[in-house]
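# Fold and contact review
Here's the letter readout for the chains.
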Amino acid sequence: MTKRKMKLGLSIRYMGYHAGSWRHPDVPSDGSSLFKSFLDVTQTAEKAKFDMVFLADGIGVRLDDKPKGSMCRSRHNVELEPLTLLSALATHTSNIGLVATASTTYNEPFHIARKYGSLDQISGGRAAWNVVTSWSDQEAWNFSMANQLAYETRYERAHEFVDVVTGLWDSWDEDAFILDKEGGIFYDEQKMHVLNHVGKHFSVRGPLNVRRSPQGRPILVQAGVSEQGQQIAADYCDMVFMAKNDLKSAQDYYASVKDRLEGVGRKRSDLLMMMGLTPIVGRTREEAQEKFEQLESLIDPLVGLSLLYRSFGDLSHLSLDAPVPKPDLDKVGLKSSAMMYYELAQKQNLTIRQLYKKLGMAQEHKTVVGTAKDIADEMEAWMEAGAADGYNITPVMLPHGIDDFVELVVPELRRRGRFREDYEGTTFRENLGLPVPASRHDRAGKSAGALLAS
């Protein structure tokens, strides 16, 4: 029996997801501002036949100096703008998908449709948009707002935003451009569509001044666990990023999103669920544990407390060895993360110090410390248990985190028949095995035809 192959992505941020990674002697401390650092790890991932690289992003420094002295000790301050970076990476790669985050709160739909449409043309059909609503006041302050939008408003706006963007991506039929020099006809006017969207949040005429995507439309990605976020995923998205660290929670979330698809006329296989995974791999378990402990030792306590601030507020008046207090959900920006961290602390009886060390290790994602066999075992088990279709690897440090995974874990996955030997196609959508979405104008025509036939 053929085993189901998993999808793999590489998430790149700040040269590693660990809070102390920039202090590690093997990590370029200024790597998050160097194109070569991103190029090297992206080419490593492509050589290993990864499905994608993913750039998380925030449009501002989303930190306050709370507790005092924490901000200057953190690496969360400078990074490259993701679409600019991916456009450069596109010219040095051939097959790997290129995924970037962009906010529906601080952009306009036409901007996003045009930018990602252009990246898709530049890359030959490898672009993807990770849809976020943004959550921090620090971002709002950069866009002439005193505070972020209310939670419900952000998601309501996001739903309409995605609808407009996908509508703009359908502005041109695939064969609209005749390019008839002798006849003087550039495009077939019947195959250009004006959106004329008028809604609560946006009024957008269109058409988009970028031709139809080589992959039908750029891949859409979403990561929200709220009811509104899950519905956006079911209605529009091709992929969901998951941040779960226990199997039951992952299974429940996986089922919750997948169960919505039939209600919107989609198959369960039309949407891929990608689990965040932080692997720390060694040739022996002892070697992996040594790597783990070295990184834990690099977390400054002030940085550790700052990791908890947005979910729990200022805890500097408490002992680091005190129990984790329950968050006040009326005062935090990330409600789902706050409760996830608190429930983790309750389940494992963690102190404040122990929790920030876990968050320093990207513990919102599943973390596995061990050999290639240990990591592959866990990856297989969660897939078979209905918790994931693949994994978005969030290395604790770069480049060594991806180098170790490619050298040790990827061959083990291939030996088990769980990961590809080569790319299946040239576009991101082909390599993911996802269907090309029909244009809304094709669907409208087919619906009208079916109605006339009846």
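Our subject is the structure listed above.
Summarised in this report is the structure supplied together with it.

Let us look at the overall build of the protein. Counting its secondary structure elements, the protein contains 15 helices and 11 strands. The C-alpha radius of gyration computed for the protein amounts to 22 Å, which stays within 12% of the reference 22 Å derived for 454 residues, consistent with globular compactness. Seen through its C-alpha atoms, the protein measures out along the principal axes to roughly 75 × 55 × 45 Å. Buried positions account for 54% of the 454 residues belonging to the protein. Accessible surface for the protein amounts to roughly 20,000 Å². Of this, 51% is attributable to carbon and sulfur atoms. Positive and negative side-chain charges in the protein, numbering 55 and 61 respectively, have mean positions lying 1 Å apart.

The next subject is the packing of helix H1 (residues 35-47) against helix H2 (residues 82-90). For the pair H1 and H2, interaxial distance at closest approach is 11 Å and the crossing angle is 55 degrees. Accordingly, the angle class assigned to the pair H1 and H2 is oblique. In this structure, H1 meets H2 at a crossing whose hand is right-handed. Residues Phe 35, Phe 38, Leu 39 and Thr 42 of H1 lie in contact with H2, whose contacting residues are Leu 85, Ala 88 and Leu 89.

A few words now on a nonpolar patch on the surface. Side chains of Leu 179, Phe 186 and Tyr 187 sit close together on the surface and give an oily, nonpolar patch of about 310 Å² of accessible area. Mapped onto the fold, Tyr 187 is located in the loop between helix H5 (151-169) and strand S5 (197-198). With relative accessibility at 31%, the residue Tyr 187 sits in the partly exposed group.

This part is about the environment of Ile 352. The topology assignment puts Ile 352 in helix H11 (residues 352-360). For Ile 352 and Val 324, which are 28 residues apart along the polypeptide, the C-alpha to C-alpha distance reads 5.2 Å. Filtering out sequence-adjacent residues up to four positions away, Ile 352 remains in contact with Leu 305, Leu 308, Leu 315, Leu 318, Ser 319, Leu 320, Ala 322, Pro 323 and Val 324.

As a further point, take the pattern of salt bridges. Overall, the coordinates contain 33 salt bridges when judged by the stated rule. In this structure, the salt-bridge partner of Lys 258 is Asp 389, at a minimum N-O distance of 3.1 Å. Remark: Asp 389 occurs in the loop between helix H12 (372-384) and strand S11 (390-393) and Lys 258 occurs in helix H7 (residues 247-258); sequence separation between them is 131 residues. Of the charged contacts, one joins Arg 418 and Glu 380 as a salt bridge, the two residues approaching to 2.7 Å between their closest N and O atoms. Highlighted residues: Arg 418 in the loop between helix H13 (400-415) and helix H14 (428-432) and Glu 380 in helix H12, separated in sequence by 38 residues. Relative accessible area serves as the criterion here: at 15%, Glu 380 is assigned to the buried category. Look at the salt bridges and you will find they share partners, linking Lys 373, Asp 377, Glu 380, Glu 384, Glu 412, Arg 415, Arg 416 and Arg 418 into a network.

Before going further, it helps to examine unusual backbone geometry. Note that the residue after Lys 66, namely Pro 67, is joined by a cis bond; omega there is -5 degrees. Secondary-structure assignment places Pro 67 in the loop between strand S2 (52-55) and H2. Note that the residue after Leu 398, namely Pro 399, is joined by a cis bond; omega there is 10 degrees. Relative to the helices and strands, Pro 399 is located in the loop between S11 and H13. A positive phi angle is found at Tyr 14, which is not glycine, with a value near 55 degrees.

Conventions we followed
- Residues numbered from 1 in each chain as written.
- Predicted model: local features only at pLDDT ≥ 70, side-chain atom pairs only at ≥ 80, totals over all residues.
- Heavy atoms only, no water.
- Helix = DSSP H or I, 4+ residues; strand = E, 2+ residues; numbered from the N terminus.
- Rg over C-alpha atoms; globule rule 2.2 N^0.38 Å.
- Buried < 20%, exposed > 50% of the residue type's maximum accessible area, 1.4 Å probe, protein only.
- Areas by Shrake-Rupley, 256 points an atom, 1.4 Å probe, with all protein chains shown as cover.
- Lys, Arg positive; Asp, Glu negative; His and termini not counted.
- Charge placed at Lys NZ, Arg CZ, Asp CG, Glu CD.
- Axes fitted to C-alpha atoms, helices over the stretch in contact; angles between N-to-C directions.
- Parallel < 35°, antiparallel > 145°, perpendicular 65-115°, else oblique.
- Left-handed = near helix turned anticlockwise from the far one by under 90°.
- Contact = heavy atoms within 4.5 Å.
- Patch = residues over 30% accessible without salt bridge, like charges linked within 9 Å, V, L, I, M, F, W, Y side chains within 5 Å.
- Salt bridge = Lys/Arg side-chain N within 4 Å of Asp/Glu carboxyl O.

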